[in-house]
Amino acid sequence: QVQLVESGGGLVQAGGSLRLSCAASGRTLSRYNMGWFRQAPGKEREFAAAISWSGGSTYYTDSVKGRFTISRDNIKNTVYLQMNSLKPEDTADYYCAVQTGGWGRVSRSDYDYWGQGTQVTVSS
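Right, let's walk through the structure included here. (Residues numbered from 1 in each chain as written. Predicted model: local features only at pLDDT ≥ 70, side-chain atom pairs only at ≥ 80, totals over all residues. Heavy atoms only, no water.)

### Brief notes about the overall build of the protein chain
- Regarding its fold elements, the protein chain presents zero helices and 11 strands.
- Going from the N terminus to the C terminus, the protein chain shows its helices and strands as β-β-β-β-β-β-β-β-β-β-β.
- At 13 Å, the protein chain has a C-alpha radius of gyration in line with the 14 Å of a compact globule built from 124 residues.
- Reported as C-alpha extents along the three principal axes, the dimensions of the protein chain are approximately 40 × 25 × 25 Å.
- A fraction of 58% describes how many contacts in the protein chain between residues 6 or more apart in sequence connect residues 24 or more apart.
- One finds the centroid of the 13 positive side-chain charges in the protein chain at a distance of 5 Å from the centroid of its 10 negative side-chain charges. (Helix = DSSP H or I, 4+ residues; strand = E, 2+ residues; numbered from the N terminus. Rg over C-alpha atoms; globule rule 2.2 N^0.38 Å. Contact = heavy atoms within 4.5 Å. Lys, Arg positive; Asp, Glu negative; His and termini not counted. Charge placed at Lys NZ, Arg CZ, Asp CG, Glu CD.)

Here it is, written out as structure tokens:
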């Protein structure tokens, strides 16, 4: 079973950048498509971005397109989320997970092996 640990969150001003990391142990990630989700206070967890097992394909929710970039390093067994031009509405806990439901899926139920999350706060 794979264990995921997110890191890199913090407090940043609007317009700033952060890079989140999702490190895996217990199993190599190179066989899996991966995703990032986020959950704002009082809201449902929502899809943010996904990347194919090879890193060759990605897709994003509309609200982060052009600002966020998902990438991976299969040698380091790590997935990243580079977040630029951050907005206060990006404030949330960010989670990575393994995509189990097939490529193109954005529902929480199509992902598994969730990490504990890392908190991102964007001040105005």
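### Notes on the packing of aromatic side chains
- As enumerated under the stated definition, the model contains six aromatic pairs in all.
- Both rings, one in F47 and one in Y59, keep their centres 5.3 Å apart while their planes meet at 25 degrees; by these two values the pair is stacked. One end of the pair, F47, is in strand β5 (residues 46-51); the other, Y59, is in strand β6 (residues 58-60), with 12 residues separating them in the sequence. Y59 carries the same exposure label as F47, and that label is buried. (Phe/Tyr/Trp six-rings, centres within 6.5 Å; stacked < 30°, edge-to-face > 60°. Buried < 20%, exposed > 50% of the residue type's maximum accessible area, 1.4 Å probe, protein only.)

### Observations regarding the environment of R19
- As for its placement among the helices and strands, R19 is situated in strand β3 (residues 18-25).
- Sequence separation of R19 and S124 is 105 residues, and the distance between their C-alpha atoms is 19 Å.
- Each residue touching R19, except ones within four places of it in the same chain, is listed here: S7, G8, Y80, L81 and Q82.

### Considering the nonpolar core
- If you look at the biggest cluster of nonpolar residues, it comprises 29 residues, and the most contacted ones within it are L4, M34, W36, L81, M83 and Y94.
- Elements supplying a minimum of two residues to this core: β3, β4 (34-39), β5, β7 (68-73), β8 (78-83), β9 (92-99) and β11 (118-123).
- The residues touching L81, leaving out its near neighbours within four places in the chain, are L18, R19, L20, W36, A49, F68, T69, I70 and Y94.
- The next biggest cluster of nonpolar side chains, apart from the first, holds six residues, and it includes F37, F47, A50 and Y111. (Core = buried A, V, L, I, M, F, W, Y, C linked by side-chain atoms within 4.5 Å.)

### Some thoughts on the pattern of salt bridges
- Counted according to the given criterion, the structure contains five salt bridges.
- Residue R67 pairs with D90 through a salt bridge whose shortest N-O separation is 2.7 Å. Here R67 is found in the loop between β6 and β7, whereas its partner D90 is found in the loop between β8 and β9, with 23 residues between them in sequence. With respect to class, R67 is no different from D90; both count as buried.
- Residue D110 is joined to R105 by a salt bridge in which the shortest nitrogen-to-oxygen separation is 3.3 Å.
- Sharing partners across several salt bridges, the network here consists of R38, E46, R67 and D90. (Salt bridge = Lys/Arg side-chain N within 4 Å of Asp/Glu carboxyl O.)

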